[in-house]
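# Residue-level structure breakdown
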Amino acid sequence: MTLQQEIVGNAMQMAVVNLRPGQTVYCEAGKFLFKTANVTMETRLSGPSGGGQQQGGSGGMGGLLRQAMGTAMQVGQRMLAGESLAFQYFTAQGGEGTVGFAGVLPGEMRALELDGTRAWFAEKDAFVAAESSVEFGIAFAGGRTGMSGGEGFILEKFTGQGTVIIAGAGNFIDLNPADFGGRIEVDTGCVVAFEEGIQYGVQRVGGLNRQGIMNAVFGGEGLSLATLEGNGRVILQSLTIEGLANALKKAQGGDKQGPTGGLFSTHAG
């Protein structure tokens with residue numbers, strides 16, 4: 001069943017989730033805001049599809065070993081992706097309950113409804129919360145090409161049926177590449193999420209000529225753009241994390257992009 005939720009607020013939105021008795025929602029550690037007293041909270045290393053959840057003890061020692069190995073693989077993937085190592089699970093006991101969640105940057109949130117036919121992919125850190133019927137995974141895409149792009153090829157993957165809530169920075173815009181000739185090119189930091197069936201890649205900005213060098217050095221985009229091709233939903237954000245970090249550093253009198261744009265800008269962190 002669809003998760004009963006309401007997204008409230010403007011510049012820094014939050015999701016208020018109403019749980020039916022016995023219903024469970026989980027979030028990435030650090031995204032929880034508040035809950036009613038009858039909602040229990042449990043922290044686990046495993047995702048909702050992970051071997052680390054109790055499975056009724058079936059399989060004896062072999063089953064326990066498989067569960068432990070499944071949990072270790074999940075934790076290892078999330079560690080490589082720079083994600084939180086744990087999830088927090090919230091379950092309403094003895095009646096309906098309420099839980100609040102939020103992202104970590106000023107911006108919008110969006111509730112995506114999965115019907116089991118198409119997965120959704122999102123940039124790392126976009127995930128906020130989901131009902132327990134939605135499976136969370138890590139997708140590594142693009143190989144050498146993705147690494148050259150610098151961003152966007154370690155993705156969160158959501159499968160199954162139910163509601164998943166994501167967050168981004170600034171304002172969202174929904175596009176379908178099919179409405180624009182089948183392909184759009186965007187700043188790598190602007191991609192929030194997209195449906196399965198969209199082909200996501202990275203391309204170099206211009207060639208190794210005078211104009212290509214001008215684009216890379218003075219255009220503020222660095223050497224690469226993200227490409228999105230196909231027919232499906234794409235969600236973009238108006239504010240990039242790098243742009244926000246550079247603005248904050250500039251306000252504090254630190255290093256900033258200056259005349260050389262994105263190629264030689266100082267990354268926060």
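Notes on the structure follow. Per chain, the residues get numbers from 1 upward, laid out in the order the sequence is written. Confidence filtering applies because this is a predicted model: local features only for residues at pLDDT of at least 70, side-chain atom pairs given and counted only at 80 or more, and all residues used for totals across whole chains, interfaces and linings. Side-chain numbers here rest on the full set of heavy atoms in the structure, without hydrogens or water.

## Concerning the overall build of the protein
Think of it this way: any DSSP run of H or I at least four residues long counts as a helix, any run of E at least two long counts as a strand, and we number them from the N terminus. Broken down by element type, the protein carries four helices and 18 strands. Residues classed as buried in the protein amount to 43% of the 269 residues present. Contact criterion: two residues are considered in contact whenever any of their non-hydrogen atoms come within 4.5 Å of each other. Expressed as a percentage of contacts within the protein between residues at least 6 apart in sequence, the contacts between residues at least 24 apart total 79%. Surface exposure here means Shrake-Rupley accessible area, sampled with a 1.4 Å probe, where a residue is shielded only by the protein chains that are shown. Of the roughly 13,400 Å² that the protein leaves accessible, carbon and sulfur atoms contribute 55%. Three exposure classes are used, based on accessible area relative to the maximum for each residue type with a 1.4 Å probe and protein chains only: buried under 20%, partly exposed in between, and exposed over 50%.

## Focus: the sheet that holds strand E17 (residues 224-229)
Strands were regarded as paired on the criterion that DSSP finds at least two bridges between them. A sheet is described by the order of its strands in space; here three strands give the open sequence E14-E17-E16, paired in antiparallel fashion. Looking at strand neighbours, the two that pair on one side only are strand E14 (183-186) and strand E16 (199-204), the edges of this open sheet. For this sheet, the mean inter-axis angle between neighbouring strands, taken without regard to orientation, is 30°. For E16 and E17, the ladder comprises six bridges, and the chain directions are antiparallel. Residue Val-202 lies in a different strand from E17, and its bridge partner there is Ala-226. Axis definition: a line fitted to C-alpha atoms, over the contacting stretch in the case of helices. Angles run 0 to 180 degrees between N-to-C directions.

## Quick word on the nonpolar core
Buried Ala, Val, Leu, Ile, Met, Phe, Trp, Tyr and Cys residues that are joined via side-chain atoms within 4.5 Å together make up what is termed a nonpolar core. Tyr-26, Phe-127, Phe-158, Val-164 and Ile-166 are the most contacted members of the largest nonpolar core, which totals 20 residues. Breaking this core down by element, the ones donating at least two residues are strand E6 (87-92), strand E8 (109-115), strand E9 (120-123), strand E10 (127-131), strand E11 (134-140), strand E12 (154-167) and strand E15 (191-195). Setting aside chain neighbours within four positions, we find Phe-127 in contact with Tyr-26, Cys-27, Glu-28, Lys-31, Phe-87, Phe-136, Glu-156, Phe-158, Val-164, Ile-165 and Ile-166.

## Brief notes about the environment of Ile-235
If you trace the backbone, Ile-235 turns up in strand E18 (residues 234-237). Judged by relative accessible area, which is 0%, Ile-235 ranks as buried.

## As for the environment of Gly-103
By the secondary structure assignment, Gly-103 is in the loop between strand E7 (97-102) and E8. Classification of Gly-103 by relative accessible area gives buried; the value is 16%. Spatially, the C-alpha atoms of Gly-103 and Ala-169 are 9.0 Å apart, while their sequence positions differ by 66 residues. Not counting residues within four places of it along the chain, the set of residues in contact with Gly-103 comprises Met-12, Lys-31, Met-109, Val-128 and Ala-167.

## Remarks on the sheet that holds strand E2 (residues 14-19)
Paired through their backbone hydrogen bonds, the strands of a sheet run either parallel or antiparallel. If you walk across this open sheet you meet the four strands as E1-E2-E7-E4, and the pairing is antiparallel. On the outer flanks of this sheet lie strand E1 (4-8) and strand E4 (32-35), each paired with one strand and no other. Neighbour-to-neighbour, the strand axes of this sheet turn through a mean angle of 20°, independent of strand direction. Pairing geometry for E1 and E2, over five bridges, is antiparallel. Looking across to E2, one finds that Ile-7 is bridged to Ala-15.

## Overview of the pattern of salt bridges
The term salt bridge refers to a side-chain nitrogen of Lys or Arg lying within 4 Å of a carboxyl oxygen of Asp or Glu. A complete count under the given rule lists seven salt bridges for this structure. With a shortest N-O distance of 3.2 Å, Arg-183 and Glu-229 are connected by a salt bridge. Taken as a pair, Arg-183 in strand E14 and Glu-229 in strand E17 lie far apart in primary sequence, 46 residues in all. On the accessibility criterion, Glu-229 (32% relative accessible area) is partly exposed. One continuous salt-bridge network, built from bridges that share partners, spans Arg-110, Asp-174 and Arg-233.

## Let's talk about the packing of aromatic side chains
Each aromatic pair joins two rings of Phe, Tyr and Trp (for Trp, the six-membered one) with centres within 6.5 Å, and gets the label stacked for planes under 30 degrees apart, edge-to-face for over 60, and tilted for any other angle. Here the structure, examined in full by the defined rule, presents 12 aromatic pairs. On the basis of an interplanar angle of 90° and a centroid distance of 5.6 Å, the ring pair of Tyr-26 and Phe-87 is categorised as edge-to-face. Residue Tyr-26 is found in strand E3 (residues 24-28), and its partner Phe-87 is found in strand E6; the two are separated by 61 residues along the sequence. With a centroid separation of 5.7 Å and an interplanar angle of 65°, the aromatic rings of Phe-136 and Phe-158 are classed as edge-to-face. Note that Phe-136 is positioned in strand E11 and Phe-158 in strand E12, a separation of 22 residues in sequence. For the pair Phe-136 and Phe-158, one class covers both residues: buried. Taken together, the aromatic side chains of Tyr-26, Phe-87, Tyr-89, Phe-127, Phe-136 and Phe-158 make up a single cluster linked through ring pairs. For a ring to carry a charge above it, either NZ of a lysine or CZ of an arginine must fall within 6 Å of the ring centroid while also lying within 35 degrees of the normal to the ring plane. The ring of Tyr-89 has Arg-44 sitting right over it, with the charged end atom 3.9 Å from the ring centre.

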